[in-house]
Amino acid sequence: MINTTLCYIEQDNKYLMLHRTKKKNDLNEGKWIGVGGKFEKDETPEECLLREVKEETGVMLTKYRFRGVITFISNKWETEYMYLFTASDFIGEITCCDEGDLEWIAKDKILELNIWEGDKIFLKKMMEDNNFFTLKVVYEEDKLVESIMKEY
């Protein structure tokens, strides 16, 4: 089991997206995702969020919201608990990322990108309302076979 964070930074009705093209043996190779990564020892979700965003984008978040918890189950990968955030303010300039290319994408174009089917579910939810939610997605190989969402 691994714990991760994922953040979608918002600006001018766009999300900052990471096109994963540079990292070797990347489970997300070729996919578009938000920014984030794995927890380090003894980190809280917020500490992981702030560190990962700084490492991948060069910016320091100043305003962010905890949006939900996503549980990824797969017959191919280790179970992952992902803490999902959005952010609306930051300090600094976006820099290059060693895991892929960062690009501002209009929210109404996000679902047209090469993204995981499970990601489409939580992205739609985030764009529809601000309610906290949990989502369980189950994959067999790369195919989404089940999803269960609960809103709070």
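Everything numeric in this text was worked out from a predicted model, so none of it was measured.

Enquirer: Tell me about the overall build of the protein, and name the residues and values.
Expert: If you tally the helices and strands in the protein, you get two helices and nine strands. Each helix and strand of the protein, ordered N terminal to C terminal, gives the series β-β-β-β-α-β-β-β-α-β-β. Since a compact globule built from 152 residues should have a radius of gyration of about 15 Å, the 14 Å found for the protein is in line with a globular shape. Counting only C-alpha atoms and orienting by the principal axes, one finds that the protein spans roughly 40 × 35 × 35 Å. The proportion of buried residues among the 152 residues of the protein is 43%. The contacts of the protein with a sequence gap of at least 6 include a subset with a gap of at least 24, amounting to 63%. Surface accessibility of the protein: about 8300 Å² in total, with carbon and sulfur atoms responsible for 47%.

Enquirer: Outline the packing of aromatic side chains, listing residues and values.
Expert: In the structure shown here, the tally under the stated rule is eleven aromatic pairs. Aromatic pair Phe66 and Phe85: ring centres 5.1 Å apart, planes at 25°, arrangement stacked. You can see Phe66 sitting in strand S5 (residues 60–74) and its partner Phe85 sitting in strand S6 (residues 80–91), a full 19 residues away along the chain. Assessed through its relative accessible area of 32%, Phe66 is described here as partly exposed. Here Phe85 falls in the buried class, since its relative accessible area comes to 1%. Ring plane angle 70° and centroid distance 5.1 Å describe the contact between Phe66 and Phe132, whose orientation is recorded as edge-to-face. Highlighted residues: Phe66 in strand S5 and Phe132 in the loop between helix H2 (117–128) and strand S8 (133–140), separated in sequence by 66 residues. Look at Phe132 and you get partly exposed, because its relative accessible area is 28%. Through a chain of ring-to-ring contacts, three or more aromatic side chains come together here, namely Phe39, Tyr64, Phe66, Tyr83, Phe85, Phe132 and Tyr152. Across the ring face of Trp116, the terminal group of Lys31 is positioned such that the distance to the ring centre comes to 4.5 Å. When the ring centre of Tyr152 is taken as origin, the NZ or CZ atom of Lys150, which lies over that ring, is 5.3 Å away.

Enquirer: For the side chain of Thr71, give the residues involved together with the corresponding values.
Expert: Looking at where Thr71 falls in the secondary structure, it is placed in strand S5. Since its relative accessible area comes to 16%, Thr71 is described here as buried. Sequence-distant contacts of Thr71, that is, excluding residues within four places in its chain, are made with Thr79, Glu80, Tyr81, Leu135, Lys136 and Val137.

The rules behind these values
Residues numbered from 1 in each chain as written. Predicted model: local features only at pLDDT ≥ 70, side-chain atom pairs only at ≥ 80, totals over all residues. Heavy atoms only, no water. Helix = DSSP H or I, 4+ residues; strand = E, 2+ residues; numbered from the N terminus. Rg over C-alpha atoms; globule rule 2.2 N^0.38 Å. Buried < 20%, exposed > 50% of the residue type's maximum accessible area, 1.4 Å probe, protein only. Contact = heavy atoms within 4.5 Å. Areas by Shrake-Rupley, 256 points an atom, 1.4 Å probe, with all protein chains shown as cover. Phe/Tyr/Trp six-rings, centres within 6.5 Å; stacked < 30°, edge-to-face > 60°. Lys NZ or Arg CZ within 6 Å of the ring centre and 35° of its normal.

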